[in-house]
Amino acid sequence: MASVDAKLNQYEAGRLVPWVLLQGERIVGTITLNDIVRGPFLNGHVAYWVDKEFNGHGVCSAALAFVVETARNELGLHRVQAATLCGNVASQKVLKHTGFDEIGLAPSYLKIAGQWQDHMLYQRVLY
Ligand SMILES: CC(C)(COP(=O)(O)OP(=O)(O)OC[C@H]1O[C@@H](n2cnc3c(N)ncnc32)[C@H](O)[C@@H]1OP(=O)(O)O)[C@@H](O)C(=O)NCCC(=O)NCCS
């Protein structure tokens, strides 16, 4: 619950917007716009997961397209960024489906499973 409270506090402060993806009343994924910075950057970082049972049906691509539109039209952001592990082909396909461009390789970018790991960075410039 502490992480839910922390997320809601960040939402109140305008730094994060969390969504859950629902199939009926069941949560089958989440997508979150994190680290929202205003001023001259006007940028947010997107992160997502979808339950394996629902993978490969375009759920994440549709959710990301919605988040991109919301970031542009309601939040007034200029750019949405994302980072994937180099071998995460499914996530890279989602980003390409939704018009993200590859920025490049960021060495030792995030600590995942206890190890600093290289990531591919992507961005979608919104206007
Ligand atoms: C990445 C993830 C969110 C994709 O969700 P999804 O709803 O299945 O995504 P979509 O159906 O919109 O698109 C996935 C695409 O990747 C493809 N794909 C799925 N698994 C794949 C694999 N192992 N290798 C290659 N392509 C793969 C799908 O066929 C689809 O491509 P297509 O539309 O051209 O056929 C989901 O796999 C997931 O939750 N993974 C674990 C968490 C994660 O990696 N989050 C992102 C961190 S950067």
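Computed from a prediction, not measured in an experiment: that's the story for all the values here.

Attention now moves to the site of the ligand. Surrounding the ligand, one finds 19 residues, the nearest of these being Y48, V50, G58, S61 and N88. The backbone of G58 places a nitrogen or oxygen atom 2.7 Å from an oxygen atom of the ligand. Protein burial of the ligand: of its 940 Å² of free accessible surface, 63% is covered by the chains. At the level of elements, β3 (43–50), α2 (59–73), β4 (79–85) and α3 (89–97) are the ones that each hand at least two residues to the shell around the ligand. In terms of residue count, the dominant contributor to the shell around the ligand is α3 (6 residues).

This part covers the nonpolar core. Residues I31, L33, V46, L64, L77, V80 and F100 are the most contacted members of the largest nonpolar core, which totals 26 residues. Counting residues per element, the ones that place at least two in this core are β1 (17–23), β2 (26–37), β3, α2, β4, α3 and β6 (115–125). What L77 contacts, discounting residues up to four positions off in sequence, is L33, I36, R38, L42, N43, G44, A71, R72, L126 and Y127.

This part covers the environment of L85. Mapped onto the fold, L85 is located in strand β4. With residues up to four places along the chain from it excluded, the contact list for L85 reads Q92, Q117, D118 and H119.

A few words now on the environment of S61. With respect to the helices, strands and loops of the structure, S61 is situated in helix α2. Look at S61 and you get buried, because its relative accessible area is 15%. The contacts of S61, once residues within four sequence positions are left out, are V94, H97 and T98.

Of all residues except glycine, most have a negative phi; of all peptide bonds, most are trans. The residue L42 is not glycine, and still its phi comes out positive at about 45°. Looking at where L42 falls in the secondary structure, it is placed in the loop between β2 and β3. When its relative accessible area of 18% is taken as the criterion, L42 is described as buried. In this model, S108 sits at a positive phi of 50°, which is unusual for a non-glycine residue. With respect to the helices, strands and loops of the structure, S108 is situated in strand β5 (residues 101–112).

Thresholds applied
Every chain is numbered independently, its residues counted from 1 as its sequence is written. Whole-chain, interface and lining totals are the exception, using all residues; otherwise, since this is a predicted model, local features are given only for residues with pLDDT of at least 70 and side-chain atom pairs are given and counted only at 80 or more. Derived side-chain values reflect all non-hydrogen atoms in the structure, with water molecules and hydrogen atoms excluded from consideration. By convention in this text, a residue qualifies as near a molecule or strand provided that one of its non-hydrogen atoms is within 4 Å of it. Each polar contact in these results corresponds to two N or O atoms within 3.5 Å; when the atoms are within protein, one needs to be able to donate a hydrogen and the other to accept it, and residues that are neighboring in sequence are counted only if both atoms are side-chain atoms. Only the protein chains shown count as cover for residues, with accessible areas throughout obtained via the Shrake-Rupley method and a probe of 1.4 Å. What counts as a helix is a DSSP run of H or I of at least four residues, what counts as a strand is a run of E of at least two, and both are numbered from the N terminus. What is meant by a nonpolar core is a set of buried Ala, Val, Leu, Ile, Met, Phe, Trp, Tyr and Cys residues, joined one to another through side-chain atoms within 4.5 Å. Under the scheme applied here, a residue whose accessible area is under 20% of the maximum for its type counts as buried, over 50% as exposed, and between as partly exposed, the area being computed with a 1.4 Å probe on protein chains only. Working rule for contacts: check all heavy atoms of both residues, and any pair within 4.5 Å makes them a contact.

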